[in-house]
Amino acid sequence: MIRTAGLVLWLAVGAVGCQATSYSPDVSGFYHGNPQATYDALAAEGKRGIAEKDEALWRSELASAAMGAGNESSALKSLQAAGRLMGTLDSTPHQRARAIFSAEATKIYRGDPYERCMNALYQGILYYRAGDKGRANAAFRRGLLADGWSAEGEHQKDFAALSFLSGWASYQRG
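Computed from a predicted model, the values in this text were never measured in an experiment.

Conventions adopted
Residues numbered from 1 in each chain as written. Predicted model: local features only at pLDDT ≥ 70, side-chain atom pairs only at ≥ 80, totals over all residues. Heavy atoms only, no water. Phe/Tyr/Trp six-rings, centres within 6.5 Å; stacked < 30°, edge-to-face > 60°. Buried < 20%, exposed > 50% of the residue type's maximum accessible area, 1.4 Å probe, protein only. Helix = DSSP H or I, 4+ residues; strand = E, 2+ residues; numbered from the N terminus. Lys NZ or Arg CZ within 6 Å of the ring centre and 35° of its normal. Salt bridge = Lys/Arg side-chain N within 4 Å of Asp/Glu carboxyl O. Expected span 1.5 Å × (residues − 1). Contact = heavy atoms within 4.5 Å.

1. Considering the packing of aromatic side chains
A complete count under the given rule lists 2 aromatic pairs for this structure. Ring geometry for Phe30 versus Tyr31: centroids 5.9 Å apart, planes at 75°, classification edge-to-face. A relative accessible area of 40% means that Tyr31 is categorised as partly exposed. Geometrically, the ring pair formed by Trp168 and Tyr171 is tilted, given 5.6 Å between the ring centres and 35° between the ring planes. Here Tyr171 and Trp168 lie together in helix H9 (residues 160–173), a separation of 3 residues that amounts to about one turn. Looking at Lys133, its charged tip hangs above the ring of Tyr128, at a distance of 5.0 Å from the centre.

2. Quick look at the pattern of salt bridges
The tally for this structure, following the rule as stated, stands at 5 salt bridges. Salt-bridge contacts for Arg135 lead to Asp132; the nearest nitrogen and oxygen are separated by 3.6 Å. The partly exposed category is assigned to Arg135, whose relative accessible area is 48%. Judged by relative accessible area, Asp132 falls into the partly exposed class, the value being 29%.

3. A short note on the environment of Leu62
Relative to the elements of secondary structure, Leu62 occurs in helix H4 (residues 55–68). Look at Leu62 and you get buried, because its relative accessible area is 7%. In this structure the C-alpha to C-alpha distance between Leu62 and Ala43, which are 19 residues apart in sequence, comes to 7.2 Å.

4. Notes on helix H8 (residues 133–147)
In this model, H8 (15 residues) spans 21 Å end to end at C-alpha, consistent with the 21 Å of a helix rising 1.5 Å per residue. When H8 is considered as a whole, its buried residues turn out to be Ala136, Asn137, Ala139, Phe140, Gly143, Ala146 and Asp147. Lining the buried residues of H8 we find helix H7 (113–129) and H9.

5. What about H4?
The α-helix winds at 3.6 residues per turn, so residues separated by three or four positions along the chain end up facing the same way. Taking 1.5 Å per residue, 14 residues should reach 20 Å; H4 reaches 20 Å between its end C-alpha atoms and fits that length. Of all 14 residues in H4, 11 are buried; the element is thus mostly enclosed.

What follows is the structure, given as structure tokens:
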């Protein structure tokens, strides 16, 4: 179980780590078997201040490190905050113009559909482990909705794990 969780978390950190960002916290502890050191480094980075454009990414990385360190309540709080930020699609005219004409590194990170799906998946798993099958099912369904948001229509509605887990949570609720 711990080895599987470690692999999933390693993949999550790698996936969110591919995004352009203006900050670069020390995550080497995660790769050397010390996710608590990575969590501490990310938390310290947050205390120094995270730019608005990097906050959702930072919270996702913080959640991955918290899960790796076994701190599921902190992970859930970080995932919830990141999910709220990723789900905020409203923008000012200035932000819309910047999204069209600016370099990728200046844009606010909102996550792509896959990252939103993973956020919902991890939230659902943590809710399920905490015994809240209703919220777990809602999170899995939110992930299924996010899976249909691909602008190009590519890879839409193909996240089978979310469908299975939503059905399982529903079944467990009766």
